[in-house]
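Here is how the chains run, residue by residue.
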Amino acid sequence: MKVVTWNVNSLKVRMPRVLELLAALEPDVVCMQETKTEAAAFPADELAAAGYDAVHHSAGRWAGVAILARHEVGPIADAVSGLSGELREDEARWVEATVSGMRVASVYVPNGREVDSPTYDEKLAFLDAIAERAGQLRSSDEPMLIAGDFNVAPADIDVYDVAAFEGSTHVQPEERRRVEAILEAGELVDAYRELHPDDVHYTWWDYRQGHFHRGMGLRIDLALLSARAAGTLTACGIARDFRKGTKPSDHAPLVVEL
DNA sequence: ATGGCTCGTTATACGAGA
């Protein structure tokens, strides 16, 4: 099974690149973030024509998450939108569903903006809520995958210039501790790090100043696998070509092979 | 040089993103 997670930064603008990815990689499951679409405008028909069912949690101009499943892998079951314990239930940041016997969550963690801002506290609370949910799912029979934009670089190796992020969100010890707590609560592994312990590769680059071409990025998009799912992990890579070309997202897709 | 892009918006400048 091939799973992709991708922060598309507007599904409306990115639809040509999404269809390109579906045709090129033929993923079985896709977790998307920052769809930025009203529920009524979600392009379910276009995705169905491309061979994919979808469930989504949509709240208009910001955030928005979705899970796609290729028709051949079977129906998407027991979809739940929203995360127990999140402080802003009006923001669409979590959707989970069962696909091919695996519990899959697509997550878009709040950015946090500035340390000491109210949204930063909401970010920390959201990470705590993920840990709580991961703990619940651990005790179920289904293998688990939590994939998305965590807006946290788990370690210094995941940051192009640690000094440049001094005092910034995404690298703070309290954020990283919470990501660790998610791994512990769900008995999860970071799929990319599991297979590439020392590789320096990123999933996001600022649009400005040619950061992508200068290798200035962060690894903030993660696929977290429960032990049963991780036992079938064969490959995990970053599809950097989708950060190039016409109208790219500022994130590259993360591709997981199970 | 404190911006630099790229999104969406009861838009036409501004907030948000990371």
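Above this text is the structure in question.
In this report, we go over the structure that sits alongside the text. Note that residues are indexed from 1 along each chain, following the sequence as it is written. For naming, the first written chain is A and the first written ligand is 1, with later ones following in the order written. It should be noted that, the model being predicted, local features are given only for residues of pLDDT at least 70 and side-chain atom pairs only at 80 or more, the latter also being counted only at that level, while totals for whole chains, interfaces and linings use all residues. Water and hydrogen atoms play no part in the side-chain values, which are based on all heavy atoms of the structure.

### With respect to the overall build of chain A
Working step 1: To qualify as a helix, a DSSP run of H or I must reach at least 4 residues; to qualify as a strand, a run of E must reach at least 2; elements of each kind are numbered from the N terminus. Helix and strand counts for chain A come out as six helices and 14 strands.
Working step 2: With the principal axes as the frame, chain A shows a C-alpha extent of 45 × 45 × 35 Å.
Working step 3: Only protein chains enter the accessibility calculation, which uses a 1.4 Å probe. A residue is then buried if its area is under 20% of the maximum for its type, exposed if over 50%, and partly exposed in between. Expressed as a percentage of the 258 residues in chain A, the buried residues total 56%.
Working step 4: A contact between two residues is defined here by any heavy atoms of the two lying within 4.5 Å. The contacts in chain A between residues at least 6 apart in sequence include a share of 69% that link residues at least 24 apart.
Working step 5: For chain A, the exposed surface amounts to about 11200 Å²; the carbon and sulfur share of it is 48%.
Working step 6: As used throughout, the charge tally considers Lys and Arg to be positive and Asp and Glu to be negative, leaving His and the chain termini uncounted. Charge coordinates come from a single atom per side chain, which is NZ of Lys, CZ of Arg, CG of Asp or CD of Glu. Taken together, the 26 basic and 42 acidic charged side chains of chain A have centroids lying 5 Å from each other. Each accessible area value is a Shrake-Rupley result obtained with a 1.4 Å probe; residue values ignore everything except the protein chains displayed when judging cover.

### Observations regarding the pattern of salt bridges
Working step 1: Note on definitions: salt bridges are taken to be side-chain nitrogens of Lys or Arg within 4 Å of carboxyl oxygens of Asp or Glu. Inspection of the entire model under this criterion finds 17 salt bridges.
Working step 2: With a closest N to O distance of 2.7 Å, R219 and D158 form a salt bridge. Here R219, found in the loop between β11 (217-218) and β12 (221-226), pairs with D158, found in the loop between β8 (144-149) and α4 (173-186); they are 61 residues apart in sequence, far enough to count as distant.
Working step 3: Looking at D158, the relative accessible area reads 0%, which means it is buried.
Working step 4: One salt bridge in this structure joins D241 and K244, with 3.3 Å as the shortest N-O distance.

### Side note on the environment of A153
Working step 1: You can see A153 is positioned in the loop between β8 and α4.
Working step 2: The spatial distance from the C-alpha of A153 to the C-alpha of R176 is 7.4 Å, given a sequence separation of 23 residues.
Working step 3: When neighbours within four sequence positions are excluded, A153 is seen to be in contact with D158, V159, H170, V171, R176, R219 and I220.

### Digging into the protein's contact with DNA strand B
Working step 1: Residues in contact with DNA strand B amount to 22 residues; listed here are only the nearest, S10, N111, R113, H170 and K247.
Working step 2: Among all atoms of DNA strand B positioned within 4 Å of the protein, those belonging to sugar or phosphate total 70%.
Working step 3: Pairing of N or O atoms within 3.5 Å defines a polar contact, subject to two protein rules: one partner must be a possible hydrogen donor and the other a possible acceptor, and residues neighboring in sequence count only if both atoms are side-chain atoms. In the environment of DNA strand B, a phosphate oxygen lies 3.2 Å from a nitrogen or oxygen atom belonging to the side chain of H251.
Working step 4: Gly counts as polar in this scheme, as do all residues outside two lists: the nonpolar Ala, Val, Leu, Ile, Met, Phe, Trp, Tyr, Cys and Pro, and the charged Asp, Glu, Lys and Arg. Residue composition of the surface near DNA strand B, grouped by class: seven nonpolar, seven polar and eight charged. Think of it this way: one heavy atom of a residue within 4 Å of a molecule or strand is enough to make that residue near it.

### Regarding the pairing of strand β6 (residues 94-99)
Remember that side chains alternate between the two faces of the sheet whenever the strand is regular.
Working step 1: In terms of burial, β6 is a largely internal element, six of the six residues being buried.
Working step 2: What you see with β6 is no split at all: W94, E96 and T98 on one side and V95, A97 and V99 on the other are buried throughout.
Working step 3: DSSP calls a pair of strands paired once it identifies at least 2 bridges connecting them. Sheet topology note: the β6/strand β7 (residues 102-108) ladder contains six bridges and is antiparallel. Residue pairing across strands places E96 opposite A105, the latter belonging to β7.

### A short note on the nonpolar core
Working step 1: The set of buried Ala, Val, Leu, Ile, Met, Phe, Trp, Tyr and Cys residues whose side-chain atoms join them within 4.5 Å is what this entry labels a nonpolar core. By size, the foremost hydrophobic cluster in this structure holds 33 residues, and its most contacted members are I67, L145, L225 and V256.
Working step 2: Sequence-distant contacts of L145, that is, excluding residues within four places in its chain, are made with V3, M102, R103, V104, A105, A223, L224 and L225.
Working step 3: Judged by nonpolar contacts, the second largest core, of 23 residues, contains A105, I130, A134 and L137.

### Topic: the sheet that holds β8
Working step 1: Taken together, the six strands give an open sheet; going across it, the order is β5-β6-β7-β8-β12-β9, and neighbouring strands pair in mixed fashion. Two strands in the sheet have a free side with no partner beyond their single neighbour: β5 (76-81) and β9 (188-190). Averaged over all neighbouring strand pairs, the angle between strand axes comes to 20°, with direction disregarded.
Working step 2: Here β5 runs beside β6; their pairing, made up of four bridges, is antiparallel. Of the residues in β6, the one forming a bridge with S81 is V95.
Working step 3: Each of β8, β9 and β12 is contacted by α4, which is oriented at about 135° to β9, the strand it contacts most. Every axis in this analysis is a line fitted to C-alpha atoms, fitted for helices over the stretch in contact. Angles between the N-to-C directions lie between 0 and 180 degrees.

### Quick look at the packing of aromatic side chains
The description of an aromatic ring pair uses the distance of the two centres, along with the angle that the planes make with each other.
Working step 1: In summary, the pairing rule links any two rings of Phe, Tyr or Trp, Trp by its six-membered ring, whose centres are within 6.5 Å, and it sorts them by plane angle into stacked for under 30 degrees, edge-to-face for over 60 and tilted for everything else. Scanning the model with the defined rule gives three aromatic pairs in all.
Working step 2: Ring centres of Y160 and F165 lie 5.8 Å apart, and the angle between their planes is 85°; this geometry places the pair in the edge-to-face category.
Working step 3: Taken together, a centroid distance of 4.8 Å and an interplanar angle of 90° make the contact between W205 and F212 edge-to-face. No difference in accessibility class separates W205 from F212, as the two residues are buried.

### Quick notes on the sheet that holds strand β2 (residues 29-33)
Working step 1: The sheet built from six strands is open, its strands ordered β3-β4-β2-β1-β14-β13 with mixed pairing. The strands lining the two open edges of the sheet, one partner per strand, are β3 (52-57) and β13 (235-238). Geometrically, the sheet is characterised by an average inter-axis angle of 15° between neighbouring strands, direction not taken into account.
Working step 2: When strand β1 (residues 2-7) meets β2, the two strands line up parallel, connected through five bridges. Looking at the pairing, W6 lines up with M32 of β2.
Working step 3: On top of the sheet, helix α1 (residues 11-25) reaches β1, β2, β3, β4 (65-70) and β14 (254-257); it is set at about 160° to β1, its chief contact.

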